[in-house]
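# Observations on chain architecture
In case you want the letters, here they are:
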Amino acid sequence: MRDLAGGFGHLLAGQRWVFRNGRWLGFGLLPGLLALVLYAGALIGLGYGADDLTAWATPFADGWGAPWLGLFRGFLTALVFCLGLFVAVITFTAVTLLIGQPFYESLSEQVDRSVGGDAPESGLPLARELWISARDSIKVLARVLLYGILLFALGFIPVVGQTVIPAIGFCVSGYFLTEELTAVALQRREVELKDRLTLLRGRRAMVLGFGIPLVLAFLVPLVAVFLMPGAVAGATLMVRELRGEDEEQADTDGAEGSDAAARQERPGQPGHPAHPAPQQQSPYAGPYAAGPRHPAPRQNPYAQ
């Protein structure tokens, strides 16, 4: 439960960060708006063509009488559209990140710097980074499609298909959506896809706490556009916790502070206020500087 709340906390922290840094929010809207136009057109086309697709896929039901034919194909049409929406929610992030790769990478670096830590850089050319991002996104999409087909088939189970299966679908969507968002920060740290998935599996509750609310918000198209920059910032903050970087930074700062305090608390050490370091003797001091200022008069040997 603590990790679940922690994931949601990182999501909120990322949104606060971009709203405090409005310049990054403004630039971040452009890739999301472009992706939104592309996906809106695709979903509208699917909405108009889903009936024909369902009729083509179920020729065996042509002879069914009313109302069973309409109910059956209407149910399948709704499932097809939900599957398309499911895929759109997952791939929207990947496509938006691909379109805005240079911006989101710079945003992630700035988040790292703002919390006082290192900002790792991959050092790869932009074309190479785009290729790696696209390749990994295709691999993730293949996994999502496998889960989507399985959940689509399980949706035909009475009661369970209309209650449990949609909940599982939101969990799967949230998990892989979080993977896409954390990929920005993890790719800069040269973490491969296999290792990224292993890292996320180790803290599933935190991943779901971050991803599920975002999936629900992304169902509203314009909300998805406005939340993307903050989602990248929050994912970067979560990566730092998953990898223990905040703890390492705190240990480093604590060690430096302890050393400084120890130097102040050692009164016998040179440089302490109670015992300042000895001053260097002037090189121009004469050889008789330490002698008496008025030497005694010499006695006359001839005096009687």
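Up top is the structure these notes are about.
For the structure given in this document, a descriptive report is provided here.

## Re a nonpolar patch on the surface
There is a patch of nonpolar side chains on the surface, built from Ile157, Val159, Val160, Val164 and Ile168 and spanning about 380 Å² of accessible area. As for its position among the elements, Val159 is in the loop between helix H5 (126–154) and helix H6 (160–188). Judged by its relative accessible area of 58%, Val159 is exposed.

## A look at the pattern of salt bridges
Scanning all chains against the criterion turns up twelve salt bridges. Among the salt bridges present, the one from Asp112 reaches Arg189, with a minimum N-O distance of 3.1 Å. You can see Asp112 sitting in helix H4 (residues 101–114) and its partner Arg189 sitting in the loop between H6 and helix H7 (193–201), a full 77 residues away along the chain. On the accessibility criterion, Asp112 (0% relative accessible area) is buried. Residue Glu179 is joined to Arg196 by a salt bridge in which the shortest nitrogen-to-oxygen separation is 3.0 Å. One end of the pair, Glu179, is in helix H6; the other, Arg196, is in helix H7, and 17 residues separate them in sequence. You'll find Glu179 and Arg196 in the same group, each marked buried.

## Quick word on the packing of helix H2 (residues 22–57) against helix H3 (residues 68–99)
Helix-helix packing: each pair is described by the crossing angle between the helix axes and the interaxial distance. Contact pair H2 / H3: the axes reach a minimum separation of 9 Å and the direction vectors enclose 160°. Classified by the angle their axes make, H2 and H3 are roughly antiparallel. Considering only the axes of H2 and H3, their crossing is right-handed. In terms of residue class, the contact of H2 with H3 is built from 18 nonpolar, seven polar and two charged.

## Some details on helix H8 (residues 204–218)
Taking 1.5 Å of rise per residue, the 15 residues of H8 would be expected to cover 21 Å, and the 20 Å separating its terminal C-alpha atoms lies within 8% of that figure. Within H8, the full set of buried residues consists of Met206, Val207, Gly209, Phe210, Gly211, Leu214, Val215, Ala217 and Phe218.

## Structural notes on the packing of H2 against H4
With their axes 10 Å apart at the nearest point, H2 and H4 run at an angle of 150° to one another. Comparing their axes, H4 and H2 come out roughly antiparallel. The hand of the H2/H4 crossing is left-handed. Each of Trp24, Phe27, Gly28, Pro31 and Gly32 in H2 lies in contact with H4, whose residues at this interface are Phe103, Tyr104, Ser106, Leu107 and Gln110. Here the contact of H2 with H4 is built from residues that sort into six nonpolar, four polar and no charged.

Reading the values: the criteria
Think of each chain on its own: its residues are numbered from 1, step by step along the sequence as written. Under the rules for a predicted model, residues below a pLDDT of 70 receive no local features and side-chain atom pairs below 80 are neither given nor counted, while totals for whole chains, interfaces and linings still include all residues. Water and hydrogen atoms play no part in the side-chain values, which are based on all heavy atoms of the structure. Patch building starts from residues that exceed 30% relative accessible area and form no salt bridge, then joins like charges within 9 Å and nonpolar side chains (Val, Leu, Ile, Met, Phe, Trp, Tyr) within 5 Å. Only the protein chains shown count as covering a residue, and every accessible area follows the Shrake-Rupley method with a 1.4 Å probe. Any Lys or Arg side-chain nitrogen located within 4 Å of an Asp or Glu carboxyl oxygen qualifies as a salt bridge. Strands here are runs of E lasting at least two residues and helices are runs of H or I lasting at least four, both read from the DSSP assignment and numbered beginning at the N terminus. In this scheme, a residue with accessible area under 20% of its type's maximum is buried, one over 50% is exposed, and one in between is partly exposed, where area comes from a 1.4 Å probe on protein chains only. Whenever a helix is involved, its axis is fitted only over the stretch in contact; in every case the axis is a line through C-alpha atoms, and angles between N-to-C directions fall within 0 to 180 degrees. Should an angle fall under 35 degrees it is called roughly parallel, over 145 degrees roughly antiparallel, and 65 to 115 degrees roughly perpendicular, with every other angle called oblique. Take the far helix as your reference; a near helix turned counterclockwise from it by less than a right angle gives a left-handed crossing, and one turned clockwise gives a right-handed crossing. The residue classification treats Ala, Val, Leu, Ile, Met, Phe, Trp, Tyr, Cys and Pro as nonpolar and Asp, Glu, Lys and Arg as charged. All others, Gly included, are polar. Between the first and last residue of a helix there are one fewer steps than residues, each counted as 1.5 Å, and that sum is the expected span. The criterion used for residue contact is that any of the two residues' heavy atoms lie within 4.5 Å.

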